[in-house]
Amino acid sequence: MLSIVVPTFREAENILPLVQRIRAALEPAIPYEIVFVDDNSRDGTDERVRELQQQGVPVRLIVRTDERGLSSAVLRGFCEARGDVLLCMDADMSHPAEAIPEMLRALETQQADLVVGSRYVAGGGVEKGWGLYRWLNSLVALWLARPLTSVRDGGAGFYLLPRRIFEQRKDFNPIGYKMLLEVLVKCPCRKVAEIPIQFADRKFGESKLNFREQLLYLLHLKRLYDYKFGRVSRFVQFCAIGASGVVVNLLVFAGLEKMGLSQKLAYALAIWIAMTWNYVPNRFLTFDLTAQHPILPQYLRFVLTCLVGAVVNWSVTVSLARESSWLGGHVYWAALVGIVCGTIFNFLISHAWAFRAVTKAK
Ligand code: GDD
Ligand code: MN
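Residues numbered from 1 in each chain as written. Chains lettered and ligands numbered in written order. Predicted model: local features only at pLDDT ≥ 70, side-chain atom pairs only at ≥ 80, totals over all residues. Heavy atoms only, no water.

Strands sit in the order E3-E2-E1-E4-E7-E5-E8 across an open sheet of seven strands; the sheet is mixed. Unpaired on one side and paired on the other, strand E3 (59-63) and strand E8 (192-196) mark the two borders of the sheet. For this sheet, the mean inter-axis angle between neighbouring strands, taken without regard to orientation, is 20°. Direction of pairing for strand E2 (residues 32-38) relative to E3: parallel, over a ladder of five bridges. (Pairing = 2+ DSSP bridges. Helix = DSSP H or I, 4+ residues; strand = E, 2+ residues; numbered from the N terminus. Axes fitted to C-alpha atoms, helices over the stretch in contact; angles between N-to-C directions.)

Quick look at the environment of Pro28 now. Here Pro28 shows up in the loop between helix H1 (12-26) and E2. Residue classification places Pro28 among the exposed positions, given a relative accessible area of 82%. For the pair Pro28 and Cys187, spaced 159 residues apart in the sequence, the C-alpha separation amounts to 31 Å. (Buried < 20%, exposed > 50% of the residue type's maximum accessible area, 1.4 Å probe, protein only.)

Looking now at the nonpolar core. Grouped together as the largest cluster of nonpolar side chains are 35 residues, with contacts concentrated most on Leu2, Ile4, Ile34, Phe36, Met89, Ile100 and Val115. Looking at this core, the elements that each hand over two or more residues are strand E1 (2-8), H1, E2, helix H2 (45-54), strand E4 (85-88), helix H4 (100-109) and E8. Residues Val5, Leu75, Phe78 and Ala81 belong to the second largest nonpolar core, which totals 34 residues. (Core = buried A, V, L, I, M, F, W, Y, C linked by side-chain atoms within 4.5 Å.)

Taken as a whole and assessed by the stated rule, the structure comprises 15 aromatic pairs. Centre to centre, the rings of Phe166 and Phe172 are 6.0 Å apart; their planes meet at 90°, and the pair counts as edge-to-face. Taken as a pair, Phe166 and Phe172 share a single burial class, namely buried. Three or more aromatic residues joined by ring pairs form one cluster here, namely Phe235, Phe238, Tyr279, Phe287, Tyr299, Phe302, Phe347 and Phe355. We note Arg169 situated over the ring of Phe172; from NZ or CZ to the ring centre the distance is 5.8 Å. Positioned above the aromatic ring of Tyr217, the side-chain terminus of Lys178 is 5.8 Å from the ring centre. (Phe/Tyr/Trp six-rings, centres within 6.5 Å; stacked < 30°, edge-to-face > 60°. Lys NZ or Arg CZ within 6 Å of the ring centre and 35° of its normal.)

The interhelical angle for the contact between helix H7 (residues 179-186) and helix H8 (residues 211-229), taken along N-to-C directions, is 0°, at an axis separation of 11 Å. By the angle between their directions, the pair H7 and H8 is classed as roughly parallel. Across the interface between the two elements, Leu181, Glu182, Val185 and Lys186 of H7 pack against Tyr217, His220, Leu221, Leu224 and Tyr227 of H8. A per-class count over the contact of H7 with H8 returns six nonpolar, one polar and two charged. (Parallel < 35°, antiparallel > 145°, perpendicular 65-115°, else oblique. Contact = heavy atoms within 4.5 Å. Nonpolar A, V, L, I, M, F, W, Y, C, P; charged D, E, K, R; others polar.)

Once that is clear, we can look at the site of ligand 1. Not every one of the 24 residues close to ligand 1 is listed here, only the nearest: Glu11, Asp39, Asp90, Gly155 and Lys208. Contact between ligand 1 and Ala91: an oxygen atom at 2.9 Å from a main-chain N or O atom of the residue. Lys208 is positioned with one of its backbone polar atoms (N or O) 2.5 Å from an oxygen atom of ligand 1. Notes on ligand 1: free accessible area 740 Å², of which the protein chains cover 96%. (Near = heavy atom within 4 Å. Polar contact = N/O pair within 3.5 Å; in protein donor to acceptor, adjacent residues only side chain to side chain. Areas by Shrake-Rupley, 256 points an atom, 1.4 Å probe, with all protein chains shown as cover.)

Evaluated as defined, the whole model comprises 19 salt bridges. Note that Arg60 is salt-bridged to Glu33, the shortest N-O span being 2.9 Å. Residue Arg60 is found in strand E3, and its partner Glu33 is found in strand E2; the two are separated by 27 residues along the sequence. With relative accessibility at 17%, the residue Arg60 sits in the buried group. A relative accessible area of 6% means that Glu33 is categorised as buried. Residues Lys186 and Glu182 are paired through a salt bridge, measuring 2.9 Å at the closest nitrogen-oxygen approach. With Lys186 and Glu182 both in helix H7 and four residues apart, this pair spans about one turn of that helix. In this structure Lys186 comes out as buried when scored by relative accessible area, which is 9%. (Salt bridge = Lys/Arg side-chain N within 4 Å of Asp/Glu carboxyl O.)

A word on unusual backbone geometry. Glu27 connects to Pro28 through a cis peptide bond whose omega is 0°. Not every positive phi belongs to a glycine, and Asn40 is a case in point at roughly 55°. A positive phi angle, close to 50°, is found at Arg42, a residue other than glycine. You can see Arg42 is positioned in the loop between E2 and H2.

Next up on the list: helix H9 (residues 231-258). Relative to the 40 Å expected for 28 residues at 1.5 Å per residue, H9 spans 40 Å between its end C-alpha atoms, a close match to the ideal helical length. Taken residue by residue, H9 has Ser233, Arg234, Gln237, Phe238, Ile241, Gly245, Val248, Asn249, Val252, Phe253 and Leu256 as its buried positions. On the buried face of H9, the contacting elements are H8, helix H10 (263-286), helix H11 (295-323) and helix H13 (331-354). In the segment just after H9, Gly260 is the residue with positive phi, at about 100°. (Expected span 1.5 Å × (residues − 1).)

A word on the environment of Arg152. Relative to the helices and strands, Arg152 resides in the loop between helix H5 (132-145) and strand E7 (159-162). Placed 32 residues apart in sequence, Arg152 and Tyr120 show a C-alpha to C-alpha distance of 5.8 Å. Residue contacts for Arg152: discarding those within four places in its chain leaves Ser118, Tyr120, Val121, Leu142, Arg146 and Glu194.

Below you can see the structure in the form of structure tokens.
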């Protein structure tokens, strides 16, 4: 059986036309159930579903009152679905139900682990009239996900997979809108088929994709990068934060000096403020798994790490300048090597000690 999971939030007027379209596409050849996962819309969605149930249509409604979010709603639906194939689609009829039989066929003929209804393969597309902003948005979102997957439309909301693949998922923790990326990275989807679809604009209701969701997408990407690339991903974040720290360091130094502080004191304060500046995003972003740990000891460990890192930086620079006659004449290059060594040192010690994730065996 095919389980069609439809996340809904204020989609009451789309329920009946959507179900009608699905029935026309599937009945009588394909046995299915439809599972609506609604986040307490209270707009009459439940009445529409009850109406359909009375007509004998295989629909169910799960109402969540304690949580909101597209991906987590889909996850809940997948967990409660009874079919051996799980499909996800939007309620607003952006996704053509008519493509479902072909997607199911691709599962068999291409022996796929996942089939995506794709806007970005030959024959697929989006409805005309997407403004530049929406189009760019979609493009940048996909481009940011490129290193995670080779699937053309990794941000799609229309896809199906066998239950056995879903059941092999690891460390699932989807946030925001792009549940498919979570599936692609954390389920064993070796073979993915993409079936072209035409993405239609919604006729009723309105989109729930807002700025908050876009920020959540960035956080989701960060987590998937960490999951897939581990320490390399964290190192990139650490360096980006470090680079911002350099700017803060210089600005604060200039500011304090202007205020009349002695150069030595101004520079010492500037270093301390930059370290503190770096500490915050490293706690909450780079090493987010440790964001619950007591803050003061962690902060002190980080400051100590950076101080030792500065000594490493200094010693490398000074000894290179002394040992190599070329570097002795080009001290900025020696300093650059020192900075790189100091940064790597800081990162490794931060990772292994200052922000160590304490995982005690229970
Ligand atoms: N349960 C629940 N909770 N459902 C939600 C929530 C929520 O917080 N937010 C959105 N939904 C449901 C909507 O009711 C709709 O059925 C579906 O999720 C998609 O929401 P839209 O607001 O219509 O999203 P969109 O059209 O901007 O985005 C769609 O296309 C994107 C690609 O352009 C989605 O399919 C995305 O997943 C996809 O990336
Ligand atoms: Mn939509």
